[in-house]
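Residue-level listing of the chains:
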Protein chains: 4
Amino acid sequence: MSSSIDIGPFATSLGLQLDVADGDQVVADWVVGPHLLQPHGILHGGVHCSVVETLASVGAALWLGDRGRVVGVSNTTDFYRATTEGPLRSTALPVHRGRSQQVWRVQTTDGSDRLVAQGQVRLQNLS
Amino acid sequence: MSSSIDIGPFATSLGLQLDVADGDQVVADWVVGPHLLQPHGILHGGVHCSVVETLASVGAALWLGDRGRVVGVSNTTDFYRATTEGPLRSTALPVHRGRSQQVWRVQTTDGSDRLVAQGQVRLQNLS
Amino acid sequence: MSSSIDIGPFATSLGLQLDVADGDQVVADWVVGPHLLQPHGILHGGVHCSVVETLASVGAALWLGDRGRVVGVSNTTDFYRATTEGPLRSTALPVHRGRSQQVWRVQTTDGSDRLVAQGQVRLQNLS
Amino acid sequence: MSSSIDIGPFATSLGLQLDVADGDQVVADWVVGPHLLQPHGILHGGVHCSVVETLASVGAALWLGDRGRVVGVSNTTDFYRATTEGPLRSTALPVHRGRSQQVWRVQTTDGSDRLVAQGQVRLQNLS
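Residues numbered from 1 in each chain as written. Chains lettered and ligands numbered in written order. Predicted model: local features only at pLDDT ≥ 70, side-chain atom pairs only at ≥ 80, totals over all residues.

## Section: the overall build of chain A
The secondary structure content of chain A amounts to 2 helices and 6 strands. Helices (α) and strands (β) of chain A occur, in sequence order from the N terminus, as α-β-β-α-β-β-β-β. Taken over the C-alpha atoms alone, chain A extends approximately 45 × 25 × 25 Å along its principal axes. Out of the 127 residues in chain A, the part that is buried amounts to 48%. A separation of at least 24 residues holds for 60% of the contacts in chain A among residues at least 6 apart in sequence. (Helix = DSSP H or I, 4+ residues; strand = E, 2+ residues; numbered from the N terminus. Buried ≥ 20, exposed ≤ 12 C-beta atoms within 10 Å, placed from the backbone. Contact = placed C-beta atoms within 7 Å.)

Here's what the structure looks like:
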């Protein structure tokens, strides 16, 4: 099931492994690899935004299903803890699933279950 | 000068070419390559966030200079126009450069000078 | 206890009644009065932002205590449901309580426990 | 013209005087009165959000005109300078005016033309 979800070339390059993916929740495991760093050896903030964007989009698309397709309109991501290595887990949950728009929140935690980043994506439902 | 700036492996993989880079402005040209797409053939929103994050960080770091280093605390990016190909230009300008924090705004336009995405990054100055 | 908290003239004019207020949680009850409306008879979005700002500030100040004072740096509030009357309840919980900054999230629900608005405030701890 | 615009009871209580108001720009002058303060004698952050919300809504409604009405979906406001008194000027300009959504940005400056707060509102066009 979740293995059949195509997240496209960019999100694939981030190394996301979708463990759960349906219209109520999306969970992905991933690893801070050297190709995801900024010059000081820390995970690039844009990677956090990209993971947030990907998981929110997957969840919103699965919830909308055959009724249309979703397009992201804004992404707000906060960075709470600099990360240099190790496994991360990101979990997306819906905040709002309306007729015309959805809002999903994504939390990313490290191996010690500490909050590393958190973001929110607003998506428009196009029919 | 700007050619000497190390943006790290992740931002490099986006194909950013820094044309201007100082503490007052950062301008980069880049191209919507196939490796940056989401499954529907559109530029992945996370790429926009990542470009915003990179340019804001470069500008903020150059402005702070030897006085310390900067760390991003939040990134808010809005997507205005779906893009499937072609050249883009991103320009970062400071909104606020204070003692403890900076805020930079980044606009991305397409080859027809239309606004494609716009974002804002808050960074903390660490001494 | 919570009755002893001074929220100042502006927040007082909103009619907030603090039911719980400590460094881990702030809960307030309030009512959509006619003085809080915009021209179409709907609760003004700025009132939602103001309630979010107030509760987050109270919680952050109580958590920091004698160690300093807090100052808000940004407020992001989303509006999910137009409201014209009736009681609302707003609950603030910490997302992040760090050495230099705090982030608090505030949810506002209506009498039917539906999400009406939700916001997040970033505050700086000044010593 | 701008004197004929009804901003409703809440925004009126803030003391906003609209100097310019059309679908391309909204400018308002206002004063930091004692009823707008938080407990430490500083202008309440929620007031800034409320001014941002009001001006963006006025501009968006004037631009949409007879084609429908607008409803705010999110407000993001940053606070740059604590203010205790004096005149302020707020200026709203469109960032995006699309078929289904608008985004307006509002800057507030003090009597010395320093940036005090800045915010952005996303509005939905309802037909």
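## Section: the relation of the copies chain A and chain B
Once chain A is rotated about the relating axis by 180° and shifted along it by 0.0 Å, it coincides with chain B to within an RMSD of 0.0 Å. What we have between these two chains is a two-fold relation. Considering only C-alpha atoms, the residue of chain A closest to the rotation axis is Thr76 of chain A, which sits at 2.1 Å. The share of interface residues of chain A whose copies in chain B are also at the interface is 100%, consistent with both copies meeting through the same surface. (Least-squares fit on C-alpha atoms with pLDDT ≥ 70 in both.)

## A word on the confidence of the model for chain A
Chain-level pLDDT for chain A is 96 on average; 98% of the residues reach the 70-or-more range. Reported confidence for the predicted complex is 0.96 by ipTM and 0.96 by pTM. (pLDDT = per-residue confidence, 0-100.)

## Here's the deal with the interface of chain A and chain B
Listed as interface residues are 31 residues of chain A and, on the opposing side, 31 residues of chain B. Of all the secondary-structure elements, those providing two or more residues to the side of chain A that touches chain B are helix 1 (8-13), helix 2 (45-64) and strand 3 (69-79) of chain A. The greatest single-element share of the side of chain A that touches chain B, amounting to 9 residues, is contributed by strand 3 of chain A. Here the side of chain A that touches chain B is composed, by residue class, of 14 nonpolar, 14 polar and 3 charged. Two elements, strand 3 of chain A and strand 3 (residues 69-79) of chain B, share 5 bridges in a ladder whose sense is antiparallel. When the bridges of strand 3 of chain B are listed, Thr76 of chain A appears paired with Thr76 of chain B. (Nonpolar A, V, L, I, M, F, W, Y, C, P; charged D, E, K, R; others polar. Pairing = 2+ DSSP bridges.)

## Looking at the interface of chain C and chain A
Chain C puts 8 residues into the contact, and the matching count from chain A is 8 residues. At the level of secondary structure, the elements contributing two or more residues to the side of chain C that touches chain A comprise strand 3 (69-79), strand 4 (87-97) and strand 6 (115-126) of chain C. Across the side of chain C that touches chain A, the residue classes tally to 4 nonpolar, 3 polar and 1 charged.

## Section: the sheet that holds strand 1 (residues 17-22) of chain B
Adjacent strands of a sheet pair through backbone hydrogen bonds, lying either parallel or antiparallel. Pairing within the open sheet is antiparallel, and its 12 strands lie in the order 1(A)-2(A)-4(A)-5(A)-6(A)-3(A)-3(B)-6(B)-5(B)-4(B)-2(B)-1(B). Edge strands, defined here as strands with exactly one partner in the open sheet, are strand 1 (17-22) of chain A together with strand 1 of chain B. Strand-to-strand twist across the sheet, computed as the mean angle between neighbouring axes with direction ignored, equals 20°. Here helix 2 of chain A sits on the sheet in contact with strand 1, strand 2 (25-31), strand 3, strand 4 (87-97), strand 5 (101-110) and strand 6 (115-126) of chain A together with strand 3 of chain B, set at roughly 145° to strand 3 of chain A. Against the sheet, helix 2 (residues 45-64) of chain B contacts strand 3 of chain A together with strand 1, strand 2 (25-31), strand 3, strand 4 (87-97), strand 5 (101-110) and strand 6 (115-126) of chain B, and its axis sits at roughly 145° relative to strand 3 of chain B. (Axes fitted to C-alpha atoms, helices over the stretch in contact; angles between N-to-C directions.)

## Quick word on the arrangement of the chains
With no contact between them, chain B and chain C keep their nearest C-alpha atoms 10 Å apart. With no contact between them, chain A and chain D keep their nearest C-alpha atoms 10 Å apart.

## Considerations on helix 2 of chain B
Residues and elements named next belong to chain B. Compared with an ideal rise of 1.5 Å per residue, which puts 20 residues at 28 Å, helix 2 spans 29 Å between its outermost C-alpha atoms and is within 8% of the ideal. Burial runs high along helix 2: 17 of the 20 residues are buried. With its phi angle positive at about 60°, Gly65 sits one or two positions after the end of helix 2. (Expected span 1.5 Å × (residues − 1).)

## Structural notes on the relation of the copies chain C and chain A
You can overlay chain C on chain A at an RMSD of 0.0 Å; the transform is a turn of 180° with a shift of 0.0 Å along its axis. An overlap of 100% is found between the interface residues of chain C and their copies at the interface of chain A, pointing to a shared contact surface.

## With respect to the sheet that holds strand 2 (residues 25-31) of chain D
Here we have 12 strands laid out as an open sheet, ordered 1(C)-2(C)-4(C)-5(C)-6(C)-3(C)-3(D)-6(D)-5(D)-4(D)-2(D)-1(D), and antiparallel in their pairing. The sheet terminates laterally at strand 1 (17-22) of chain C together with strand 1 (17-22) of chain D, the two strands that pair on one side only. Within this sheet the neighbouring strands show an average axis-to-axis angle of 20°, counted without direction. Direction of pairing for strand 1 of chain D relative to strand 2 of chain D: antiparallel, over a ladder of 5 bridges.

## Comments concerning the environment of Val103 of chain A
Residue placement: Val103 of chain A occurs in strand 5. A residue is classified by how many C-beta atoms lie within 10 Å of it, and Val103 of chain A, with 23 of them, is buried. Taking C-alpha positions, Val103 of chain A is 33 Å from His40 of chain A, a pair spaced 63 residues apart along the chain. Discounting chain neighbours no more than four positions away, the residues touching Val103 of chain A are Val95, His96, Gln120 and Arg122 of chain A together with Asp78 of chain C.

## Points about the packing of helix 2 (residues 45-64) of chain C against helix 2 (residues 45-64) of chain D
A pair of packed helices is characterised by two quantities: the angle between their axes and the separation of those axes. In the contact formed by helix 2 of chain C and helix 2 of chain D, the axes pass within 8 Å of each other and the chain directions differ by 160°. In terms of axis orientation, helix 2 of chain C runs roughly antiparallel to helix 2 of chain D. Here helix 2 of chain C runs over helix 2 of chain D; the crossing is right-handed. Across the interface between the two elements, Gly45, Gly46, Cys49, Ser50, Glu53 and Thr54 of chain C of helix 2 of chain C pack against Gly45, Gly46, Cys49, Ser50, Glu53 and Thr54 of chain D of helix 2 of chain D. When the residues that make up the contact of helix 2 of chain C with helix 2 of chain D are grouped by side-chain class, the tally is 2 nonpolar, 8 polar and 2 charged. (Parallel < 35°, antiparallel > 145°, perpendicular 65-115°, else oblique. Left-handed = near helix turned anticlockwise from the far one by under 90°.)

## Describing the environment of Asp22 of chain C
Residues and elements named next belong to chain C. Inspection of the secondary structure assignment puts Asp22 in strand 1. The exposure class assigned to Asp22 is exposed, which follows from the 12 C-beta atoms found within 10 Å. Along the chain, Asp22 and Trp104 lie 82 residues apart, while their C-alpha atoms are 13 Å from each other.

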